[in-house]
Amino acid sequence: MNFKGQVAVVTGGATGIGRAIALKLADKGAAVMIADINVAKAKETAEEIEEISGASSLFVTDVTNVAACEGLAQATIDSIGAADILINNAGIAGSADWQTRSYSTEEDWKQTYQVNVIGMSNITSVFRSQMTRRRSGRIVNIASIAGREGRPSLPHYSASKAAVISLTQSTALELARSNITVNAICPGLLWTPMWEQVGDRHAQAIPAYEGLTPREVFDTMIAERIPMKKEQTPEDVADAVAFFASDDAKNITGQTLNVDGGFFMR
Amino acid sequence: MDFEGKTAIVTGGARGIGRGIALELAQRGSNVIVADLDEESARSVVTEIMAGGTQSYYCETDVTQQWSTDGMAETALEKYGQLDVLVNNAGVGGAPDFNSRKVPTVEDWQATFDVNVYGIVNGTQSVENYMIERGYGKIVNIASIAGRAGRPGFASYGASKAAAINVSQAWAFKLAPHGINVNAVCPGLIWTPLWQSIAEWRKSTDDQNAGLSPRQIFQHTVAESVPLGREQTPEDVGKAVAFLASDRARSITGQALNVDGGIRMN
Ligand SMILES: NC(=O)c1ccc[n+]([C@@H]2O[C@H](COP(=O)([O-])OP(=O)(O)OC[C@H]3O[C@@H](n4cnc5c(N)ncnc54)[C@H](O)[C@@H]3O)[C@@H](O)[C@H]2O)c1
Ligand SMILES: NC(=O)c1ccc[n+]([C@@H]2O[C@H](COP(=O)([O-])OP(=O)(O)OC[C@H]3O[C@@H](n4cnc5c(N)ncnc54)[C@H](O)[C@@H]3O)[C@@H](O)[C@H]2O)c1
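Conventions used here
Residues numbered from 1 in each chain as written. Chains lettered and ligands numbered in written order. Predicted model: local features only at pLDDT ≥ 70, side-chain atom pairs only at ≥ 80, totals over all residues. Heavy atoms only, no water. Domains from an automatic or database assignment. Contact = heavy atoms within 4.5 Å. Buried area = accessible area lost by both parts, 1.4 Å probe. Salt bridge = Lys/Arg side-chain N within 4 Å of Asp/Glu carboxyl O. Near = heavy atom within 4 Å. Polar contact = N/O pair within 3.5 Å; in protein donor to acceptor, adjacent residues only side chain to side chain. Areas by Shrake-Rupley, 256 points an atom, 1.4 Å probe, with all protein chains shown as cover. Nonpolar A, V, L, I, M, F, W, Y, C, P; charged D, E, K, R; others polar. Helix = DSSP H or I, 4+ residues; strand = E, 2+ residues; numbered from the N terminus. Buried < 20%, exposed > 50% of the residue type's maximum accessible area, 1.4 Å probe, protein only.

**Quick look at the domain arrangement of chain B**
All names here are of chain B. Taken domain by domain, chain B holds domain 1 (7-188 + 232-252) and domain 2 (190-231). Summarising the inter-unit geometry, the C-alpha centres of domain 1 and domain 2 are found 24 Å apart. Facing 18 residues of domain 1, the contacting portion of domain 2 comprises 14 residues. Contact between domain 1 and domain 2 buries roughly 1300 Å² in total, counting both sides, with carbon and sulfur atoms accounting for 65%. For domain 1, the biggest contributors to the area lost against domain 2 are Asn99, Lys102 and Gln232; these three give 44% of the whole. On inspection of domain 1 and its partner domain 2, the count reaches zero salt bridges.

Below, the structure is given as structure tokens:
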């Protein structure tokens, strides 16, 4: 697996899972563009990448802002070249302070859909023309096991991730004839700042988890629901992303792969 | 390299997809036991692998017999001292000459389940105790997109492949606490001796196909049904198997991955 000479764009690449993906692709030789709203963290990650693969760039991009997405597409070409690989990873789990509430507000629904689904569509739209022109490309979307089945506590987030799976399939069919593959990954349980908030929320919204700390909720869910009895890591997700982004997966498209220790088997 | 110093068994490795898997694992450093009934073809795969620089050995194996797969596992340990990967790939479309019958007979149903389902169970049962004791192992089962949804005509084959997916999930659950990953790959349309016999069956059962060669029937099927517009190859399946059998997929278990150019998206 080798991405030498290839250009990858990672949205939400400044921190967490996106950062691990960016570092993995860089480690295999790709030049990486970090598209994020967190400027300070994006700078740090871009610098790390520079040391690994020698080529990185960053563009402050709010994926919900179409003009910014268009700016990103141009900035990518200008700085490191046309994109071969696009990783749609930017995501949120609610509007401000969502984790302090036991229910979803209209703002939670709107903002989550705006970033996780419409943002993904915005970014895909600006890069698909670059890829279509060159008749090749790899797109990997980060969904979630939350999108595999409706569950209590985070209906707005689960629904947005189910939409990501659906969007992945539609895009795969639209772009197949241009030799562009589009696949999704559903990460399972990863101890990131986002999950710390999820744990807070679950403790309030799910009676069985009442009174538990976020980490206790996390550990309980692993013990109860994950056959491998282990949490997943950003590295685990990055390895699966690298597979879909590589030539090894050139005949795989429209698929959604769970990286979740067996939580869901479908 | 992912499989340096490792040992893999590939059932049905003498030709077609199994050969593609065996060569792909060998290229990535693995010693490979080619477990098959077809000695002549198997020996030529063994020669090919050894020319590439890793070890290989033909083990006469009938996957429908537990004693035979037990012997296969023992041979791997005797020859190479360890066993890391089992690929249950052997499969049939029915009893001998199945493609000369319009409708599968009870013998066809029986043969299909004997090889495609019990073959996986036997192979798995022959290695699981060893893998459990070692706390490490990778099992990849070759199902089919035919197992994703019932279709008229070839119901026996489709049902056996649905069972293969189910069996993979059952063992994924069972073996997950022991650090053993069990996954399935669902190939799409691959030109092998098996598909050739399916094409012959279609030729004799559907007037539309009467004037076409088996290869033309295959190409029509590809053109009609594959979004990416091209056939899949044994190498494609080999690469997906190599990913799932590697430590890069350490947190993936119980999954079934379609390698089918987007024909099916579940
Ligand atoms: N942590 C988990 O257990 C888990 C599980 C399943 C799926 N996921 C998904 O993985 C992805 C990454 O999650 P994470 O845990 O690394 O979260 P994170 O909060 O650590 O990282 C998300 C990144 O996206 C960026 N971002 C947020 N909104 C943005 C916007 N509008 N435009 C551009 N960038 C934006 C953030 O600045 C941040 O750098 C998300 O899509 C998330 O839903 C996470
Ligand atoms: N060709 C396709 O398009 C396609 C699509 C989906 C799934 N598959 C599956 O992939 C696998 C390989 O298929 P292929 O197309 O390479 O078929 P193939 O007929 O070319 O090869 C199958 C191999 O399995 C061996 N085998 C059969 N019965 C056996 C037994 N009882 N014990 C040991 N070995 C035995 C055969 O000798 C042969 O070498 C099968 O499980 C098949 O169902 C094939």
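**Topic: the site of ligand 1**
All names here are of chain A. Around ligand 1 lies a shell of 27 residues, among which Ile17, Asp36, Asn89, Tyr157 and Thr192 are the nearest. Separating a nitrogen atom of ligand 1 from a backbone N or O atom of Thr61 is a distance of 3.4 Å. For ligand 1, a nitrogen atom lies 3.1 Å from a polar atom in the backbone of Val63. Taken by itself ligand 1 offers 820 Å² of open surface, and the protein chains cover 92% of this. For the shell around ligand 1, the residue count by class is 14 nonpolar, ten polar and three charged.

**Description of the pattern of salt bridges**
Two side chains that carry opposite charge are able to pair once their charged atoms sit near each other. Across all of its chains, the model carries 26 salt bridges over all chains by this definition. Residues A:Glu48 and A:Arg19 are paired through a salt bridge, measuring 3.0 Å at the closest nitrogen-oxygen approach. With A:Glu48 in helix 2 (residues 39-53) and A:Arg19 in helix 1 (residues 16-27), this residue pair connects regions lying 29 residues apart in the sequence. Residue classification places A:Glu48 among the partly exposed positions, given a relative accessible area of 30%. On the accessibility criterion, A:Arg19 (31% relative accessible area) is partly exposed. Between B:Arg28 and A:Asp248 there is a salt bridge, with its nearest N and O atoms 3.0 Å apart. Linking B:Arg28 in the loop between helix 1 (16-27) and strand 2 (31-36) with A:Asp248 in the loop between helix 8 (234-245) and strand 7 (256-259), this pair reaches from one chain into another. The two residues B:Arg28 and A:Asp248 agree in class, both being buried. One salt-bridge network, held together by shared partners, links A:Lys24, A:Glu235, A:Asp236, A:Asp239 and B:Arg250.

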